[in-house]
Amino acid sequence: MLGSEPLNRFGFRPCLAGKGFTPMKKETRRTFKEMAYYSSLGLSVSLAIFIGLGIGVLLDRKFDTSPWLTLVFLGFGIAAGFRNIALVIKRARKL
(Lines give C-alpha, C1' and ligand atoms only; values in the text may rest on other atoms or scores of the structure.)
Protein backbone atom coordinates (compact mmCIF):
# COMPACT_ATOMS: atom_id res chain seq x y z
CA MET A 1 0.00 0.00 0.00
CA LEU A 2 1.37 3.38 -1.01
CA GLY A 3 2.43 5.57 1.89
CA SER A 4 2.34 2.81 4.50
CA GLU A 5 6.12 2.38 4.64
CA PRO A 6 7.58 3.34 8.01
CA LEU A 7 9.61 6.52 8.32
CA ASN A 8 13.37 6.20 8.53
CA ARG A 9 15.40 7.84 11.28
CA PHE A 10 15.37 11.17 9.41
CA GLY A 11 11.58 11.26 9.18
CA PHE A 12 11.32 10.38 5.47
CA ARG A 13 9.71 7.48 3.69
CA PRO A 14 12.05 5.18 1.75
CA CYS A 15 12.52 5.66 -1.98
CA LEU A 16 9.66 4.29 -4.06
CA ALA A 17 11.64 3.87 -7.29
CA GLY A 18 11.61 0.09 -7.16
CA LYS A 19 7.91 -0.25 -6.34
CA GLY A 20 6.18 0.39 -9.64
CA PHE A 21 7.19 4.03 -10.04
CA THR A 22 9.18 4.99 -13.10
CA PRO A 23 12.10 7.38 -12.78
CA MET A 24 11.90 10.86 -14.28
CA LYS A 25 12.39 11.01 -18.05
CA LYS A 26 15.65 12.43 -19.37
CA GLU A 27 13.82 15.28 -21.10
CA THR A 28 12.01 16.27 -17.91
CA ARG A 29 15.23 16.08 -15.90
CA ARG A 30 16.99 18.26 -18.50
CA THR A 31 14.16 20.82 -18.35
CA PHE A 32 14.44 21.03 -14.57
CA LYS A 33 18.21 21.50 -14.78
CA GLU A 34 17.79 24.29 -17.33
CA MET A 35 15.15 26.02 -15.21
CA ALA A 36 17.42 25.88 -12.17
CA TYR A 37 20.33 27.27 -14.20
CA TYR A 38 18.30 30.15 -15.63
CA SER A 39 16.67 30.98 -12.32
CA SER A 40 20.09 31.38 -10.71
CA LEU A 41 20.99 34.06 -13.27
CA GLY A 42 19.33 36.88 -11.32
CA LEU A 43 21.21 35.92 -8.18
CA SER A 44 24.56 35.77 -9.95
CA VAL A 45 24.03 39.17 -11.63
CA SER A 46 22.99 40.88 -8.42
CA LEU A 47 25.84 39.30 -6.47
CA ALA A 48 28.38 40.48 -9.04
CA ILE A 49 27.06 44.04 -8.77
CA PHE A 50 26.93 44.08 -4.97
CA ILE A 51 30.38 42.53 -4.61
CA GLY A 52 31.84 45.20 -6.90
CA LEU A 53 30.00 47.91 -4.97
CA GLY A 54 31.18 46.52 -1.62
CA ILE A 55 34.82 46.38 -2.70
CA GLY A 56 34.59 49.94 -4.01
CA VAL A 57 33.07 51.26 -0.78
CA LEU A 58 35.69 49.50 1.34
CA LEU A 59 38.55 50.84 -0.76
CA ASP A 60 37.05 54.35 -0.73
CA ARG A 61 36.90 54.27 3.05
CA LYS A 62 40.47 52.98 3.30
CA PHE A 63 42.01 55.47 0.84
CA ASP A 64 39.54 58.36 1.35
CA THR A 65 38.85 58.67 -2.36
CA SER A 66 35.06 58.80 -2.16
CA PRO A 67 33.15 58.24 -4.58
CA TRP A 68 35.67 57.34 -7.28
CA LEU A 69 36.66 53.80 -6.36
CA THR A 70 33.02 53.00 -5.56
CA LEU A 71 32.03 54.08 -9.06
CA VAL A 72 34.90 52.19 -10.71
CA PHE A 73 34.20 48.93 -8.90
CA LEU A 74 30.45 49.34 -9.36
CA GLY A 75 31.20 49.53 -13.09
CA PHE A 76 33.29 46.34 -12.80
CA GLY A 77 30.40 44.65 -11.00
CA ILE A 78 27.91 45.69 -13.67
CA ALA A 79 30.30 44.47 -16.38
CA ALA A 80 30.63 41.12 -14.58
CA GLY A 81 26.84 40.89 -14.37
CA PHE A 82 26.49 41.48 -18.11
CA ARG A 83 29.20 38.90 -18.69
CA ASN A 84 27.13 36.37 -16.74
CA ILE A 85 24.12 37.17 -18.92
CA ALA A 86 26.23 36.78 -22.07
CA LEU A 87 27.51 33.39 -20.90
CA VAL A 88 23.94 32.19 -20.31
CA ILE A 89 22.88 33.36 -23.77
CA LYS A 90 25.91 31.64 -25.30
CA ARG A 91 25.08 28.40 -23.46
CA ALA A 92 21.41 28.62 -24.52
CA ARG A 93 22.42 28.91 -28.19
CA LYS A 94 24.41 25.67 -27.92
CA LEU A 95 21.31 23.80 -26.77
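Residues numbered from 1 in each chain as written. Predicted model: local features only at pLDDT ≥ 70, side-chain atom pairs only at ≥ 80, totals over all residues. Heavy atoms only, no water.

### Quick notes on the overall build of the chain
Move 1: Scanning the chain for helices and strands turns up three helices and zero strands.
Move 2: Along the chain, from the amino end to the carboxyl end, the secondary structure elements read α-α-α.
Move 3: For the chain, the residues scored as buried account for 12% of the 95 residues in total.
Move 4: In the chain, 42% of the contacts between residues at least 6 apart in sequence involve partners at least 24 apart. (Helix = DSSP H or I, 4+ residues; strand = E, 2+ residues; numbered from the N terminus. Buried < 20%, exposed > 50% of the residue type's maximum accessible area, 1.4 Å probe, protein only. Contact = heavy atoms within 4.5 Å.)

### Observations concerning a nonpolar patch on the surface
Move 1: Residues Leu-43, Leu-47, Ile-51 and Ile-55 make up a contiguous nonpolar surface patch of about 370 Å² in total accessible area.
Move 2: Following the sequence through the fold, Leu-47 ends up in helix H2 (residues 41-63). (Patch = residues over 30% accessible without salt bridge, like charges linked within 9 Å, V, L, I, M, F, W, Y side chains within 5 Å. Areas by Shrake-Rupley, 256 points an atom, 1.4 Å probe, with all protein chains shown as cover. Salt bridge = Lys/Arg side-chain N within 4 Å of Asp/Glu carboxyl O.)

### Re the pattern of salt bridges
Move 1: Considering all chains together, one arrives at one salt bridge under this definition.
Move 2: Ionic pairing is found between Glu-34 and Arg-30, a salt bridge with its closest N-O pair at 3.3 Å. Here Glu-34 pairs with Arg-30, and both are found in helix H1 (residues 26-39), just four residues apart, close to one helical turn.

### Section: the packing of aromatic side chains
Move 1: Within this structure, the stated rule accounts for two aromatic pairs.
Move 2: With a centroid separation of 5.7 Å and an interplanar angle of 65 degrees, the aromatic rings of Tyr-37 and Tyr-38 are classed as edge-to-face.
Move 3: For Tyr-38, a relative accessible area of 31% gives the class partly exposed.
Move 4: Above the plane of the ring of Tyr-37 lies Arg-91, whose end atom (NZ or CZ) is 4.2 Å from the centre. (Phe/Tyr/Trp six-rings, centres within 6.5 Å; stacked < 30°, edge-to-face > 60°. Lys NZ or Arg CZ within 6 Å of the ring centre and 35° of its normal.)

### Focus: the packing of H2 against helix H3 (residues 68-94)
Move 1: Contact geometry of H2 with H3 gives a least axis separation of 7 Å together with a crossing angle of 165 degrees. By the angle class used here, H2 and H3 are roughly antiparallel. At the point where H2 passes H3, the crossing takes the right-handed sense.
Move 2: For the contact of H2 with H3, a count of residues per class yields 17 nonpolar, seven polar and one charged. (Axes fitted to C-alpha atoms, helices over the stretch in contact; angles between N-to-C directions. Parallel < 35°, antiparallel > 145°, perpendicular 65-115°, else oblique. Left-handed = near helix turned anticlockwise from the far one by under 90°. Nonpolar A, V, L, I, M, F, W, Y, C, P; charged D, E, K, R; others polar.)

### Remarks on the environment of Leu-41
Move 1: Considering the arrangement of structural elements, one finds Leu-41 in helix H2.
Move 2: Sequence separation between Leu-41 and Asn-84 is 43 residues, and the spatial gap between their C-alpha atoms is 7.4 Å.

### Notes on the confidence of the model for the chain
Move 1: Scored by pLDDT, the chain comes out at a mean of 84, with 77% of its residues at no less than 70.
Move 2: Across the chain, the secondary-structure element scoring lowest on mean pLDDT is H1, at 85, and the one scoring highest is H2, at 96. (pLDDT = per-residue confidence, 0-100.)

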